Amino acid sequence: MAGELLSVEHCLENHLPEQELKEVKRILYGREHVPIEIPEEAKRLAQQHNFEVKGYQITAKKEELAPPRVVRIGLVQNSIAAETTAPVAVQRSALHNKISRITEAAASCGVNVLCYQEAWTMPFAFCTREKQPWCEFAEEADCGPTTQLCQELAQKYNMVIVSPILERDSIHGDTLWNTAVVISNNGHVLGKTRKNHIPRVGDFNESTYYMEGDTGHVVFQTQFGRLAVNICYGRHHPQNWMMYGVNGAEIVFNPSATVGGLSEPLWAIEARNAAIANSYFACAINRVGTEVFPNEFTSADGKPAHKDFGHFYGSSYVAAPDGSRTPGLSRNKDGLLVTEVDLNLCRQVKDHWGFRMTQRLDLYASSLSAAIMPNYQPPIVRDSC
């Protein structure tokens, strides 16, 4: 990680005069979002346990009849906490401890809804396509040790927690799923949602472990707004983002694990596009670090076998429905991003742009219904001359 760029923001802040920096940030991020004060306790925890904490405020216009609907969102990005050669229990316990400390910092910042990264309790071992020991990280969504920990933290801190794990579904033949468990601020499991789109690109051949999810586009009504979880590769599919908006989501989390050589040009665009197109807050979360595995694996692309598949570049951020976004977290350091949002902005943007009124779902429903039929013929008008 030593050779990796810290962040775009770090480069800009160290090379541009103040006035130019302000204008560049306006162009890159839309309107400027004021930093929020980070409490001393959060700063202490961050310094003690070596993670960064950033905070911003995304406001909405004041209304005459509707009071503000202010919610504090927290995103966590992190590296693994033990070597991939350590026993499974040691690896998971180390991550439980690391994330519990970051969760404590989030609580001191007043976070209402906290989301962890994809498969946060384990290394992203799906690249190896080895069954052992990686399948041992899978656990029950409703009563596994990770969910029990999150229930304790949620109740302790009065915080909704979104916990993406590798799920073991013992009711349906011990099948595996890439799942996010949503735990209410009272400690109850609200439900779960599974990854809709499975990658088949490079080292990301995850169908060795699990297939496309079967939970659809569920939205969770919480005390702090309507939440949804678009897990990782689903961010590449605009229809996936769209359906969470159709179903009423106000905040959509995108817990991910993606490396620089594959996706970084897309990263800053996709969640922001989704926020604009669907009039909700989109929260992009990516892990950090380079994870090295005991055995070499190949990508079936003619390149040499290797023991890692690149640098997870972090850069987690929050995008708003008005097209603006926060600066990102570091590309190579554990971090907590706290963003205070006013959910009224979702409705205000809908009123301003009218995207909901003009999206023509009936037109696309008809076209898509026709397109999936075996005898479909695209309506292409050809020049006969």
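It should be noted that the structure appears before, not after, this text.
Keep in mind the model is a prediction, meaning the values are calculated, not measured.

Cut-offs applied
- Residues numbered from 1 in each chain as written.
- Predicted model: local features only at pLDDT ≥ 70, side-chain atom pairs only at ≥ 80, totals over all residues.
- Heavy atoms only, no water.
- Axes fitted to C-alpha atoms, helices over the stretch in contact; angles between N-to-C directions.
- Helix = DSSP H or I, 4+ residues; strand = E, 2+ residues; numbered from the N terminus.
- Parallel < 35°, antiparallel > 145°, perpendicular 65-115°, else oblique.
- Contact = heavy atoms within 4.5 Å.
- Nonpolar A, V, L, I, M, F, W, Y, C, P; charged D, E, K, R; others polar.
- Salt bridge = Lys/Arg side-chain N within 4 Å of Asp/Glu carboxyl O.
- Buried < 20%, exposed > 50% of the residue type's maximum accessible area, 1.4 Å probe, protein only.
- Pairing = 2+ DSSP bridges.

Chemist: Before we move on, could you go through the packing of helix α1 (residues 8–15) against helix α2 (residues 18–29) and cite the residues and values that matter?
Modeler: Contact pair α1 / α2: the axes reach a minimum separation of 10 Å and the direction vectors enclose 155°. As the angle between them shows, α1 and α2 are arranged roughly antiparallel. Residues Glu9, Leu12 and Glu13 of α1 lie in contact with α2, whose contacting residues are Leu21, Val24, Lys25, Leu28 and Tyr29. The class makeup of the residues in the contact of α1 with α2 is five nonpolar, no polar and three charged.

Chemist: How would you explain the pattern of salt bridges if you had to name every residue and give the values?
Modeler: This structure, assessed with the given rule, holds 24 salt bridges. Between Arg347 and Glu63 there is a salt bridge whose closest N-O contact spans 3.1 Å. With Arg347 in helix α8 (residues 344–353) and Glu63 in the loop between β1 (52–58) and β2 (70–77), this pair connects stretches of sequence that are 284 residues apart. Between Glu270 and Arg235 there is a salt bridge, with its nearest N and O atoms 3.4 Å apart. Placement of Glu270 in helix α7 (residues 260–278) and of Arg235 in the loop between β10 (225–229) and α6 (238–246) is noted, with a sequence separation of 35 residues between them. What makes Glu270 buried here is its relative accessible area of 14%. Overlapping salt bridges bring together Glu167, Asp169, Lys192, Arg194 and Asp214 as one network.

Chemist: Quick rundown of the sheet that holds strand β5 (residues 175–183)? Include the residues and the values.
Modeler: In space, the seven strands of this open sheet follow the order β1-β16-β2-β3-β4-β5-β6, with mixed pairing throughout. Strands with a single pairing partner mark the edges of an open sheet, and in this sheet they are β1 and β6 (189–194). Looking at each pair of strands side by side, their axes are set apart by 25° on average, direction ignored. Of the strand pairs in this sheet, strand β4 (residues 160–169) and β5 are connected by nine bridges, and their pairing is antiparallel. Bridged to Leu166 within β5 is Asn178.

Chemist: So, the pairing of strand β16 (residues 335–342): which residues are in play, and what are the values?
Modeler: Summarising burial for β16: eight of the eight residues are buried, a large majority. Here β16 shows a buried face lined by Gly335, Leu337, Thr339 and Val341 and a second buried face lined by Leu336, Val338, Glu340 and Asp342. Here β1 pairs with β16 via seven bridges, running parallel. Among the inter-strand pairings, Gly55 is bridged to a residue of β16, identified as Val338. Taken together, the eight bridges between β2 and β16 define a ladder with antiparallel strand orientation. Counted as the bridge partner of Val76 is Leu336 from β16.

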